[in-house]
Amino acid sequence: MKHHLILRIITKILIAPILLFALYVQFHGDFGPGGGFQAGVIFSSAFVLYALVFGLEEVQEVAPPSLVLACAAMGVLLYGGVGFASFLFDGNYLNYSVFFDPHHPHEGQHLGILLVELGVLITVASVMIAIFYAFAGHVPEPDDEDW
Amino acid sequence: MTEESILGTVVVDIILFGLLAITAVEIARLRSLFGVVALSGVFSLLSAGLFVTLDAVDVAFTEAAVGAGVSTVLMLGALSLTTQRERIPSHTALLPFFVVVVTGSVLIYGTLDVPAFGDPKAPVHTHVAPEYIEGSAEVIDVPNVVTSVLASYRGFDTLGETVVIFTAGVAVIAMLGSGLRRRKNGQQK
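Calculation criteria
- Residue positions within a chain follow its written sequence, with the count starting from 1.
- Each chain is given a letter, starting from A, and each ligand a number, starting from 1, according to the order in which they appear as written.
- In keeping with the predicted nature of the model, local features appear solely for residues at pLDDT of at least 70, side-chain atom pairs appear and are counted solely at 80 or more, and the whole-chain, interface and lining totals rest on all residues.
- Hydrogens and waters are ignored; side-chain quantities use all the structure's heavy atoms.
- Each helix corresponds to a stretch of at least 4 residues labelled H or I by DSSP, and each strand to a stretch of at least 2 residues labelled E; elements are numbered beginning at the N terminus.
- Radius of gyration here is computed from C-alpha atoms only, and the compact-globule reference equals 2.2 Å multiplied by the residue count raised to the power 0.38.
- All accessible-area figures derive from a Shrake-Rupley calculation using a 1.4 Å probe, and residue coverage is judged against the displayed protein chains alone.
- Relative accessibility thresholds used throughout: buried, under 20% of the residue-type maximum; exposed, over 50%; partly exposed, between the two (1.4 Å probe, protein chains only).
- Contact criterion: two residues are considered in contact whenever any of their non-hydrogen atoms come within 4.5 Å of each other.
- Defined in terms of a 1.4 Å probe, buried area is the accessible area two parts forfeit on being brought together, summed over both.
- Here, a salt bridge means any Lys or Arg side-chain nitrogen found within 4 Å of an Asp or Glu carboxyl oxygen.
- In protein, a polar contact requires one atom able to donate a hydrogen and another able to accept it; more generally it is a pair of N or O atoms within 3.5 Å, and residues adjacent in sequence count only if both atoms are side-chain atoms.
- To form a nonpolar core, buried Ala, Val, Leu, Ile, Met, Phe, Trp, Tyr and Cys residues must be joined to one another through side-chain atoms within 4.5 Å.

**Structural notes on the overall build of chain A**
Phase 1: Regarding its fold elements, chain A presents 5 helices and 0 strands.
Phase 2: Secondary structure elements in chain A, listed N-terminal to C-terminal, are α-α-α-α-α.
Phase 3: What you see for chain A is a C-alpha radius of gyration of 20 Å, clearly larger than the 15 Å of a compact globule of 147 residues, by over 25%.
Phase 4: With respect to the principal axes defined by its C-alpha atoms, chain A has extents near 70 × 40 × 25 Å.
Phase 5: A total accessible area of about 7600 Å² is found for chain A, and carbon and sulfur atoms account for 70% of it.

**Some words on unusual backbone geometry**
Phase 1: Its identity is not glycine, yet aspartate 90 of chain A carries a phi of approximately 60°, on the positive side.
Phase 2: Following the sequence through the fold, aspartate 90 of chain A ends up in the loop between helix H4 (65–88) and helix H5 (105–136).
Phase 3: Positive phi, close to 65°, is recorded for aspartate 55 of chain B, a residue that is not glycine.
Phase 4: A relative accessible area of 67% places aspartate 55 of chain B in the exposed class.

**Brief notes about the side chain of serine 44 of chain B**
Residue and element names in this part refer to chain B.
Phase 1: By the element assignment, serine 44 lies in helix H2 (residues 33–53).
Phase 2: Judged by its relative accessible area of 9%, serine 44 falls in the buried class.
Phase 3: When near neighbours in sequence (up to four residues on either side) are disregarded, serine 44 contacts Glu63, Gly67 and Ala68.

**Side note on the interface of chain B and chain A**
Phase 1: Counting from both sides, the interface comprises 45 residues of chain B and, opposite them, 52 residues of chain A.
Phase 2: Buried area between chain B and chain A, both sides added, is near 4400 Å², and the carbon and sulfur share of it is 73%.
Phase 3: Here chain B is connected to chain A by 0 salt bridges.
Phase 4: For the pair chain B and chain A, the number of links is 12 residue pairs in polar contact (both at pLDDT 80 or more).

**As for the pattern of salt bridges**
Residue and element names in this part refer to chain B.
Phase 1: Applying the stated criterion across every chain yields a total of 2 salt bridges over all chains.
Phase 2: Residue arginine 29 pairs with glutamate 26 through a salt bridge whose shortest N-O separation is 3.2 Å. Highlighted residues: arginine 29 and glutamate 26, both in helix H1 (residues 3–29), separated by 3 residues, approximately one helical turn.
Phase 3: A salt bridge links arginine 31 to glutamate 86, with the shortest nitrogen-to-oxygen separation between them at 3.1 Å. Taken together, the residues span a long stretch of sequence, with arginine 31 in the loop between H1 and H2 and glutamate 86 in the loop between helix H3 (57–79) and helix H4 (94–111) at a distance of 55 residues.
Phase 4: Residue arginine 31 is classed as partly exposed on the basis of its relative accessible area, which comes to 25%.

**Side note on the nonpolar core**
Phase 1: With 39 residues, the main nonpolar core has Tyr96, Val124, Phe132 and Tyr133 of chain A as its most contacted residues.
Phase 2: Mapped onto this core, the elements with two or more residues apiece are helix H2 (36–54), helix H3 (56–62), H4 and H5 of chain A together with H3 and helix H8 (155–176) of chain B.
Phase 3: Considering every element that reaches this core, the biggest residue donor is H5 of chain A, with 13 residues.
Phase 4: Beyond its immediate chain neighbours, meaning those up to four positions away, phenylalanine 132 of chain A contacts Val48, Ala51, Leu52, Leu56 and Gly137 of chain A together with Val73 and Leu74 of chain B.
Phase 5: Among the nonpolar cores identified, the runner-up in size contains 8 residues, and Val25, Ala39, Ile42 and Ala46 of chain A belong to it.

As structure tokens, then:
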């Protein structure tokens, strides 16, 4: 795709704002629409766009498949880990109120929601990228007639 | 809500639903799979518009990002692994049409019992919703109630959803491979 000059330049300009917008959606989810699911999809779309214009091998230099797979599991582990962390403070599973002072539950709730949404972001973004890799990197099996 | 704004909402609803119906019929009619994928993106975007008119901006956001964005790209990726045109079926469309009509009638019959949109006495608004709305402001201190319900009150559900997404990724990788084995240079360029 060496000749798509305009596409390549526009993509280079767009990647950073897309990633930034994903982070905005992530961390503004407490105040407006959005959260880990939406942010994860937007975050992965930057990688998909890069792959569409520059090729799969280029984007796999930035995000190797092994790293993407590890991150997909890390997000779920982070979410589940936050649940286990509340056991340490004598709380129920995924009860964030107990993290700090039990008389001010909102401090713990803020931290818990932040971490949990981060886990969702990591898993959703990684799984979307991984599924895209699986489709884009798959060489179709030859037809019976091609043999 | 003033009368003009109600009228405006109704007009927007009619336009969106009309376009949605046209898109659905075209998807059923088209044999070119490329066109079907493009139209399914249009369908998702129109649904996202409908969710906005229902004040469900979080759902609309997800629908636009997932349905119109990423899944269109994934469908195009799947399309590159198969043929461009759908085969003309050998049987008539009478049985599928019958199934669709019956299912649609059952669904419409089901909506007859549903409380009116925005009815404050609807069961969904009288059970735990008031507690969530109050608690979101006082206990959790997060202005967006959707986020506090999703991440805190319904944290178990969201954990389940995250695991579902993870499982979906694992399933696709199990079938198609993770792309870990790089394609040999020159073979596919």
